[in-house]
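Read off the chains here:
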Amino acid sequence: MVPGAAIFAWERTSAAWLHGGRATSGLVRTRSLGKTGLEVTELALGTWGLSGDAYGPVAREDAEKVVARAVELGVTLFETSDAYGRGAAEEILCAQLAASPDAVVVTKLGTDRASEPARKRFDPAWLREAAARSAERLGRAPVALLHNPTASAVSLGEATGALAELAASGTLRSWGVSAGDADVARAALAAGAPVLEVAYNAFHVADLHPLTAAIAEAGAGLLARSVLAHGLLAGMWRIDRVFAEHDHRSQRWAKDELRTRIMQLGALRPLVSKDVLTLRAVALRFVLANDLVSSAVIGPRSVMQLEQLAREAGKGPPYLLDAALARLPDDLERLGLAW
Ligand SMILES: NC(=O)c1ccc[n+]([C@@H]2O[C@H](COP(=O)([O-])OP(=O)(O)OC[C@H]3O[C@@H](n4cnc5c(N)ncnc54)[C@H](OP(=O)(O)O)[C@@H]3O)[C@@H](O)[C@H]2O)c1
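These lines cover the structure that appears in this document, whether it is placed above or below. For clarity, every value in this text was computed on a predicted model and none was experimentally measured.

All right, on to the overall build of the chain then. Each helix and strand counted, the chain has 13 helices and 12 strands in total. Scaling as 2.2 N^0.38, a compact globule of 339 residues should have a C-alpha radius of gyration of about 20 Å, and the chain matches this with 19 Å. Dimensions along the principal axes, computed over C-alpha positions, put the chain at roughly 50 × 40 × 40 Å. Counting across all 339 residues of the chain, residues that qualify as buried make up 54%. Counting only contacts in the chain whose residues sit at least 6 apart along the sequence, the fraction spanning at least 24 positions is 72%. For the chain, the exposed surface amounts to about 14,600 Å²; the carbon and sulfur share of it is 53%. Separation between the mean location of the 37 positive side-chain charges and that of the 38 negative ones in the chain comes to 5 Å.

Our focus in this paragraph is the site of the ligand. Taken together, 30 residues lie near the ligand, and Tyr55, Glu79, Ser178, Ser226 and His230 sit nearest. One of the backbone nitrogen or oxygen atoms of His230 is found 2.8 Å away from an oxygen atom of the ligand. A distance of 2.8 Å is found between an oxygen atom of the ligand and a side-chain nitrogen or oxygen belonging to Gln305. A total of 900 Å² of accessible area belongs to the ligand in isolation, and the protein chains cover 92% of it. Elements supplying a minimum of two residues to the shell around the ligand: helix 2 (48–51) and helix 12 (303–312). It is helix 12 that provides the largest number of residues to the shell around the ligand, a total of 3 residues. Partitioned by chemical class, the residues of the shell around the ligand number 11 nonpolar, 12 polar and 7 charged.

Our focus in this paragraph is unusual backbone geometry. Omega for the bond connecting Glu116 with Pro117 falls within 30 degrees of zero, at 0 degrees, which places this linkage in the cis form. Checked against the element boundaries, Pro117 lands in the loop between strand 6 (111–112) and strand 7 (119–120). For the bond running from Pro317 to Pro318, omega is 0 degrees, close enough to zero to count as cis. The phi dihedral of His230 falls on the positive side, at around 65 degrees, and the residue is not glycine. With respect to the helices, strands and loops of the structure, His230 is situated in the loop between strand 11 (221–225) and helix 10 (255–264).

What follows is about the pattern of salt bridges. This model, assessed by the stated rule, comprises 19 salt bridges. Glu79 serves as the salt-bridge partner of Lys108, at 2.7 Å between the closest nitrogen and oxygen. Of this pair, Lys108 sits in strand 5 (residues 104–109) while Glu79 sits in strand 4 (residues 77–79), placing them 29 residues apart in sequence. Across the pair, exposure class does not vary: Lys108 and Glu79 are buried alike.

Applying the stated criterion across every chain yields a total of 6 aromatic pairs. Residues Tyr200 and Phe286 carry aromatic rings whose centres are separated by 5.5 Å and whose planes lie at 40 degrees to one another, so their mutual orientation is tilted. Taken together, the residues Tyr200 in the loop between strand 10 (195–199) and helix 9 (212–218) and Phe286 in helix 11 (residues 279–288) connect sequence positions 86 residues apart. For the pair shown, Tyr200 and Phe286 are each scored as buried. Relative to Trp339, the ring of Phe286 has its centre 5.8 Å away and its plane inclined at 65 degrees; by these criteria the two rings are edge-to-face. With a gap of 53 residues between them, Phe286 in helix 11 and Trp339 in the segment after helix 13 (322–334) connect regions that are remote in the sequence.

Our next topic: the pairing of strand 11. With respect to burial, strand 11 is a largely interior element, 5 of its 5 residues being buried. Burial of strand 11 is two-sided: the residues Gly221, Leu223 and Arg225 facing one way and the residues Leu222 and Ala224 facing the other way are all buried. As judged from the 5 bridges shared by strand 10 and strand 11, these two strands associate in the parallel manner. From the neighbouring strand, Leu196 faces strand 11, where its bridge partner is Leu222. For the handedness criterion, the β-α-β arrangement of strand 10, helix 9 and strand 11 is classed as right-handed. Pairing between strand 11 and strand 12 (residues 295–298): 3 bridges, direction parallel. Considered in strand 12, the bridge of Ala224 is made with Ala296.

This next bit is on the sheet that holds strand 11. Backbone hydrogen bonds hold the strands of a sheet together, and the pairing may be parallel or antiparallel. Taken in spatial order, the 8 strands of this closed barrel run 3-4-5-8-9-10-11-12, and their pairing is parallel. With direction set aside, neighbouring strand axes in the sheet form an average angle of 25 degrees. Two strands pair when backbone bridges link them, and strand 3 (residues 43–46) and strand 12 are joined in this way by 3 bridges, in the parallel orientation. Across the sheet, the residue bridging to Leu45 is Ile298, located in strand 12. Packed onto the sheet, helix 8 (residues 182–190) meets strand 9 (174–178) and strand 10 and runs at close to 175 degrees relative to strand 10.

What counts, and where the lines are drawn
- Residues numbered from 1 in each chain as written.
- Predicted model: local features only at pLDDT ≥ 70, side-chain atom pairs only at ≥ 80, totals over all residues.
- Heavy atoms only, no water.
- Helix = DSSP H or I, 4+ residues; strand = E, 2+ residues; numbered from the N terminus.
- Rg over C-alpha atoms; globule rule 2.2 N^0.38 Å.
- Buried < 20%, exposed > 50% of the residue type's maximum accessible area, 1.4 Å probe, protein only.
- Contact = heavy atoms within 4.5 Å.
- Areas by Shrake-Rupley, 256 points an atom, 1.4 Å probe, with all protein chains shown as cover.
- Lys, Arg positive; Asp, Glu negative; His and termini not counted.
- Charge placed at Lys NZ, Arg CZ, Asp CG, Glu CD.
- Near = heavy atom within 4 Å.
- Polar contact = N/O pair within 3.5 Å; in protein donor to acceptor, adjacent residues only side chain to side chain.
- Nonpolar A, V, L, I, M, F, W, Y, C, P; charged D, E, K, R; others polar.
- Salt bridge = Lys/Arg side-chain N within 4 Å of Asp/Glu carboxyl O.
- Phe/Tyr/Trp six-rings, centres within 6.5 Å; stacked < 30°, edge-to-face > 60°.
- Pairing = 2+ DSSP bridges.
- Right-handed = clockwise from strand over helix to strand, strands pointing away.
- Axes fitted to C-alpha atoms, helices over the stretch in contact; angles between N-to-C directions.

Quick look at the structure:
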């Protein structure tokens, strides 16, 4: 485990919640978002799936219910993008968080969906306009991240400089980079990004583990996304699972690769225990067990999925048994997945 700045403030979990009933609040374990001065819940609600852009349509009303339930459960960190649903995800957050002035919204900028086809833009003038539009749509100053820039777009310094200025002026609460690989994340740290977002899960550690020391040294807040590897790690798919055409997963894995990945889930099974009952819980707790992570950005597409994840995050550390966790790299390697 990486020593980090995690602060656990488990305040209350009702017996009803522990026993699977509905509680009106309770999930208030928080961690520092690096040096931003923000305290955030260790689960953040991501909204890509709710926007319908990623996995297929979700009725607006259902997306609203998921956000509302997250608020009830005590989640205070919400992750979105101006591109999700062409701004609709930000609008939903604005409405559902109206009575939660302390909630922190992390949005992402850098995709111009008004142009046809959509294109990436990281020029300062466009970023300033995009930040103002997002702040208005959200009804609050967000934390804004560059959305999947290249390493060279980050290293150039213009885009990061623009967001840093917006943060200094109060248009943004803080800024950072959502990185698609370790090189981009490295460039973001070199540019002094206070917040970094990367894909991180039990099958994909390559964007984070090589940067462990650098992130700790920089004191950057770290958001971990895709903690279930787009659903794979929940361990609920048949070996011949087929995805609809509009689902991004139809392009992600070839048939044989998906079959292999499902077989590799066997490496996670030794981590299931009397307190960690499902592979989904293993996957989520794997991410939370890393002290470097400020918040795991979960992607439920229904209230039921949200409640499962909130419940299975557990009562706090230790999230997983250290001995079983230590064996995971070898177990995965035996099944053909080297970290
Ligand atoms: N570049 C970026 O900045 C970037 C990229 C990716 C994601 N993100 C953010 O991170 C968030 C999460 O990313 P992700 O979608 O990759 O997350 P994920 O958690 O790895 O995958 C989400 C999928 O997992 C399945 N799932 C969720 N809860 C479940 C549950 N309780 N039981 C079983 N399956 C469950 C759902 O699949 P089914 O739909 O099949 O039920 C859902 O669509 C996104 O919403 C987005 O906000 C950002």
